[in-house]
Amino acid sequence: MEKFKEKLTLLRGEVEAANTRADDAEARVKQLETEHIQRDHDLSSLESRVKLLQEQLDKAEVDLKESSENFREADLRAEQFEKKSNNLQQELENMEAKHEEMNQKYQAAKAEMDDLERQLEGV
């Protein structure tokens, strides 16, 4: 009977140790489940962030394409205006030269007319 009590005590100790290990394992499982849920939430947040960033990237690419096209159009218009400005500048220079030439011819004709008038007055 003594052996039986020893055996029973030994078994009770083993059962208690097994229960402790089971409690520890359950606590670890709960901890891992909590961590898993947290990781799922983190993953979901990251996926949402990635989606948002992708949408922003797509919009930025569209904006860049539009801006590049607008820049090319503005650059082309600026080039056309530059050519027009150069043409107008050349035309202005030509007209100023012609004006100067006409002014000289006028002054020469006027001088000639003044001479003729003086000659006629003397007659």
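Residues numbered from 1 in each chain as written. Predicted model: local features only at pLDDT ≥ 70, side-chain atom pairs only at ≥ 80, totals over all residues. Heavy atoms only, no water.

Engineer: Even after reading the chapter, I still don't get the overall build of the protein, so can you show me in this structure?
Structural biologist: For the protein, the count of helices and strands is 1 helix and 0 strands. Taking 14 Å as the expected radius of gyration for a compact globule of 123 residues, we find that the protein reaches 51 Å, considerably beyond that expectation. Principal-axis analysis of the C-alpha atoms places the extent of the protein at approximately 175 × 20 × 15 Å. Of the accessible surface of the protein, which amounts to about 11800 Å², a share of 56% is contributed by carbon and sulfur atoms. (Helix = DSSP H or I, 4+ residues; strand = E, 2+ residues; numbered from the N terminus. Rg over C-alpha atoms; globule rule 2.2 N^0.38 Å. Areas by Shrake-Rupley, 256 points an atom, 1.4 Å probe, with all protein chains shown as cover.)

Engineer: Whenever I open this one, the pattern of salt bridges confuses me. Can you help?
Structural biologist: Close approach of charged atoms lets side chains of opposite charge pair. Tallying each qualifying case throughout the model produces 4 salt bridges. For Glu-79, the salt bridge goes to Lys-83, with nearest N and O atoms at 3.9 Å. Here Glu-79 pairs with Lys-83, and both are found in helix H1 (residues 2-122), just 4 residues apart, close to one helical turn. Take Glu-79: its relative accessible area is 43%, and that puts it in the partly exposed class. (Salt bridge = Lys/Arg side-chain N within 4 Å of Asp/Glu carboxyl O. Buried < 20%, exposed > 50% of the residue type's maximum accessible area, 1.4 Å probe, protein only.)

Engineer: Sorry, what's going on with a nonpolar patch on the surface here?
Structural biologist: A cluster of nonpolar residues, Met-1, Phe-4 and Leu-8, forms a patch on the protein surface that exposes about 360 Å² of accessible area. Within the secondary structure, Phe-4 is located in helix H1. Among the residues examined, Phe-4 registers a relative accessible area of 55% and is labelled exposed. (Patch = residues over 30% accessible without salt bridge, like charges linked within 9 Å, V, L, I, M, F, W, Y side chains within 5 Å.)

Engineer: Where do I start with the environment of Arg-72 in this structure?
Structural biologist: Inspection of the secondary structure puts Arg-72 in helix H1. Separated by 66 residues in sequence, Arg-72 and Glu-6 have C-alpha atoms that sit 96 Å apart.

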